[in-house]
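# Chains, contacts and geometry: an overview
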Amino acid sequence: MTEQEILINNAKKGDAHSFAVLYESVYKEMYRVAYYSLGNPDDAADTVSEAVTDAFAGIKKLKEPAAFKGWIFKILSAKISRQKKAYVNKTADIDEIAEPADERASLLQEDQSVRELFFSLPKEDRLILSLDIFMGYKSEEIAEILKMPSGTIRSRKKRALERLKKELL
Amino acid sequence: MNDNELKDLIKKDAEDLKIPDRISPENIEAELNKKKVTSFAKYRKYVPVAAAILVVLMIPIVIANTKMGRSKNDMTGSADSAMMEEASTESAEADYGADFDSESVATGEREVFSGLFYHPKDEKEIEKYIKDLSKKRVSYETETAVEESKRESSADYVEEATAPEMNSADTATSGAGKGSDSEVHSETNTREKGIDEEDIIKTDGKYIYILKNDGRIKIVDIRSKEPVIASEIKSAEYQKSFGEEYGIYIEDDTLMVLYNFRDNNFNYKNNNTDTILWGEQNGKTGVAFFDIKDRTAPKLITTVTQTGSWQSFSRLKDGILYIFSQDRAGNLPYVCDDVMVPEDVYLSRGDEYYDGCFIITSVDIKNPKKVIDQKSIYACINDIYVSQNSIYLERSGYDGSEGEYTDLFKFEYENGYITPIETAAVPGSIDSSFSIDESSDGTLRVAVSTFGSKRSNYRRDNAVYTYDRNMNLLGELHDIASDEEIKSTRFIGDMLYLVTFRNTDPVFSIDLSDPSDPKLLGELKIPGFSDYLHPWSKDKLLGIGYTADEQTGQVTGLKLSMFDISDPANVKEEDVSEWKNDGTTYLPGMDNYKAILVDPEKNIIGFSIENNVYYYQRTGDDRFDDRQGYGIFSYEKDRFELHYVIGLDSAWSARGIFVGDNLYILDNDKLVKYDMSAGENADKAVAEINL
């Protein structure tokens, strides 16, 4: 058994430490995807934390230890999608929620503009691009995670990148 | 700037992100340990009952399947306001006293599925059960949902429209072809012969019915040379919750559309406010029934709704629609406006605290205002298999000492009535719908992979198990292709054909004529692998799949195989066709068998293909060529013939169907017609219609 398989087996038996070791290998990426999709550090942390709690409770259902990463990102993506629905329900637009000032101050001028531009994209596109950029997932894999046609993923991704490029020039 | 430079820029930007301390691995571990005490501890004591013993101890028990008190679920199409809802809930509660004799449900008779499940005494017990299941985790979403439901509870919501407005095209009835008998046409490729499944396209030979991505249904009249849109159904005509439609059925003059939605108008106080795990508060599955006697003016008959939107399945057999839905958010089991009666609900004694209710209902499509039967089991079901007489629910689980197993819950059904039979835990996991099958005499055969099981020493292994009608284990066969992965399976009569894969593709034939002694008959090793198997004729089995590099196992292209199975002990690959390409090949039909068109009588094989060649991987150029198409093949004189490939916008959701000699390709928002008898011009569109 690989180390990951052993950790997953232990986690399935309820060992939180093994699970935390698994989590350590993905949490930075999880946070980045959540932050870039939701555009707010608090919501991003909440979403990661909820996804992890769910993943731990449901890890018995994980069939393929090798699929751990994809599986936990599926859970995270579902959480992110729901977060966004919640915003819609609240009729507050995600783009209007300001980031804390210190978070911004630490950014370089160029990076700041990139991030702000990124946040100006439609919400779904941000999630799609985040999964591509931070996770390196291919369109087919993102399609599988988000339950969307891969053709749609490809065209949205292309469109979003074109838009960013145009704005940056 | 090219795409990759832009992505790098964003990536670099993200590196500076400060990650909040509260989600550091240390703090998360501490959080998880806290939660564990409250959630795991509660049900631990029941653990020893699970899995291991089940396989050997199968005591058939008599289940009191009372059919009392169904009147509550006659859907009278009420509920146009919160007030009505309130009233119907009250009357439902009042009925329980009359219906339900708590004494007759003394402990013994309350047990089902070998005592692993039991009937609650009353609705209160169901509520308490859900509360116990729930972790104390009132989420942001839940709070919003409460507020929202408060806000919206008085909103006008008409479940049954009196006269829905239909958009019918002026050109609808052209008169041409009127009265002519409908031609031979393709049917949705289903798991089990004679049992229909929902899909995004259906035809009856005269019309094509299409569920579009945007939820609209288009009825297309194909009786004349130019197809015309006869009418359109918008989802707002039967549901106002922005739900998601996922499939349709057609039977005679009835059209059914299935959808998931969040029932915001639902009487929230009856539901639990803690979420168990996933899914939506008040998430539901619905079916809208339309009378389409006049194809230009569909009329809504009624809608049937039930708790659960996490996962939904459906089957249509002999005019009765079976609707399956999984809830994981701790909602009470509702069918239409009523909480299900206790004798139809099975609560679990197991430790699966994250399992919500799984509901099965049956509806006579000639009389959809009345639900025939309904059952709810508290289990998280991954997949279902419906044979001619039985329904099997599959739940995957993991046991610390034994490893992976799959619980199967068997029900029998007849004319809509559903009776629980027994359960069994199969060691291993069931990878596809085609890996579980019931023979004509009622024997259940299951092919599993046992990757995470103790029995196989946590090695990848595959096995076949057989069970009798009461789910007693009959026979087993182990060590089939150790270290290889099951890619596809097909049961044909007493034989099982099983394809595994590592670097080459062995096709195994397994003889199940004596269920107590399954025998491995033969094995054929070939390069590549079939991801889908379809019986082509008595002696032939079609395999659709991929070519692969024998050294690395990497997929290199598309592959069709025709296996000669006239001698099951000596299976031969009669013909093979391969189309290699230098990018990635993906066949959406491999993940969704309904997207495959196979009809041996018509001699047609069709499916969509995506060949993606990412140039930038080789040249650094960010341009990529995206080739998607629908391939039409036939098998003549022991050889595959590729007739043509039709270019597509979206291979992912494309479908091909035929009516007579005409082929119709659904591609995103257009339906294109081809004439298969036109020889060289068969790949030229005859007509095209925007949907």
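For every chain, the first residue of its written sequence is number 1, and the numbers climb from 1 along that sequence. For this description, chains carry letters from A and ligands carry numbers from 1, given in the order in which they are written. Thresholds applied to this predicted model are a pLDDT of at least 70 for local features of residues and 80 or more for the giving and counting of side-chain atom pairs; totals over whole chains, interfaces and linings are not thresholded and use all residues. Calculation of side-chain values draws on the structure's entire complement of heavy atoms; hydrogens and water are dropped beforehand.

Here we take up the nonpolar core. Counting residues in hydrophobic clusters, the biggest one holds 61 residues, and the most contacted among them are A:Phe19, A:Met30, A:Phe68, A:Phe73 and A:Leu131. Contacts: residue pairs with any heavy atoms within 4.5 Å of one another. Apart from the residues lying within four places of it in its own chain, the contact partners of A:Phe73 are A:Val26, A:Glu29, A:Met30, A:Val33, A:Leu131, A:Met135, A:Tyr137 and A:Ile145. Judged by nonpolar contacts, the second largest core, of 35 residues, contains B:Phe434, B:Leu524, B:Ile605 and B:Tyr635. For our purposes a nonpolar core is just a set of buried Ala, Val, Leu, Ile, Met, Phe, Trp, Tyr and Cys residues, chained together by side-chain atoms within 4.5 Å. Note on exposure labels: buried denotes an accessible area under 20% of the residue type's maximum, exposed denotes more than 50%, and partly exposed covers the range between, all computed with a 1.4 Å probe on protein chains only.

Residue and element names in this part refer to chain B. Scored from 0 to 100, pLDDT reflects the predictor's confidence in each residue. Chain-level statistics for chain B give a pLDDT mean of 77 and a share of 73% at 70 or above. Note that pLDDT drops below 50 for residues 37-108; the model gives that stretch 120 contacts with residues more than four away or on any other chain. Segment residues 613-625 is flagged for pLDDT under 50; beyond a separation of four residues in sequence, or across chains, it makes 29 contacts in the model.

So, about the sheet that holds strand 33 (residues 572-580) of chain B. Residues and elements named next belong to chain B. In this analysis, strands are considered paired if DSSP registers two or more bridges between them. Helical segments are the DSSP runs of H or I of at least four residues, strand segments are the runs of E of at least two, and each set is numbered from the N terminus. One open sheet accounts for four strands, arranged 30-31-32-33; its pairing is antiparallel. Here the strands that pair on one side only, and so sit at the sheet edges, are strand 30 (529-537) and strand 33. Within the sheet, the average angular offset between the axes of one strand and its neighbour, ignoring direction, is 20 degrees. Here, axes are lines fitted to C-alpha atoms. For helices the fit covers the stretch in contact, and angles between N-to-C directions go from 0 to 180 degrees.

All names here are of chain B. Of the two faces of strand 15 (residues 345-348), the one holding Val345 and Leu347 and the one holding Tyr346 and Ser348 are both buried throughout. Where strand 15 lies against strand 17 (residues 371-378), two bridges are found, and the strand directions are parallel. Counted as the bridge partner of valine 345 is serine 376 from strand 17.

Residue and element names in this part refer to chain B. Buried within helix 5 (residues 123-133) we find Glu123, Glu125, Ile126, Tyr129, Ile130 and Leu133. The buried residues of helix 5 occupy an angular sector of 160 degrees when the element is viewed end-on, so they sit on one face. Within helix 5, the exposed residues directed more than 90 degrees away from the buried face are Lys124 and Lys128. The arc under discussion is defined with respect to the helix axis, by the directions toward the C-beta atoms.

Let's shift gears to the environment of B:Ala379. Its place among the elements puts B:Ala379 in the loop between strand 17 and strand 18 (383-386). For B:Ala379 and B:Gln326, which are 53 residues apart along the polypeptide, the C-alpha to C-alpha distance reads 8.5 Å.

Turning to the packing of aromatic side chains, a few remarks are in order. We call Phe, Tyr and Trp rings a pair once their centres come within 6.5 Å, taking the six-membered ring for Trp, and we label the pair stacked below 30 degrees between planes, edge-to-face above 60, and tilted otherwise. Tallying each qualifying case throughout the model produces 31 aromatic pairs over all chains. Consider the rings of A:Phe118 and A:Phe119, whose centres lie 6.5 Å apart with planes at 75 degrees: the pair is edge-to-face. By relative accessible area, A:Phe118 is classed as buried at 1%. Take A:Phe119: its relative accessible area is 10%, and that puts it in the buried class. Here the aromatic rings of B:Phe607 and B:Phe633 are separated by 5.2 Å at their centres, their planes lie at 15 degrees, and the arrangement is stacked. A residue pair is termed long-range when its members are at least 10 positions apart, and B:Phe607 in strand 36 (residues 604-613) and B:Phe633 in strand 37 (residues 625-636) qualify at 26 residues. The residues B:Phe607 and B:Phe633 share a single accessibility class, namely buried. By the ring-pair criterion, three or more aromatic residues cluster together here, those being A:Tyr31, A:Tyr35, A:Tyr36, A:Phe118, A:Phe119 and A:Phe134.

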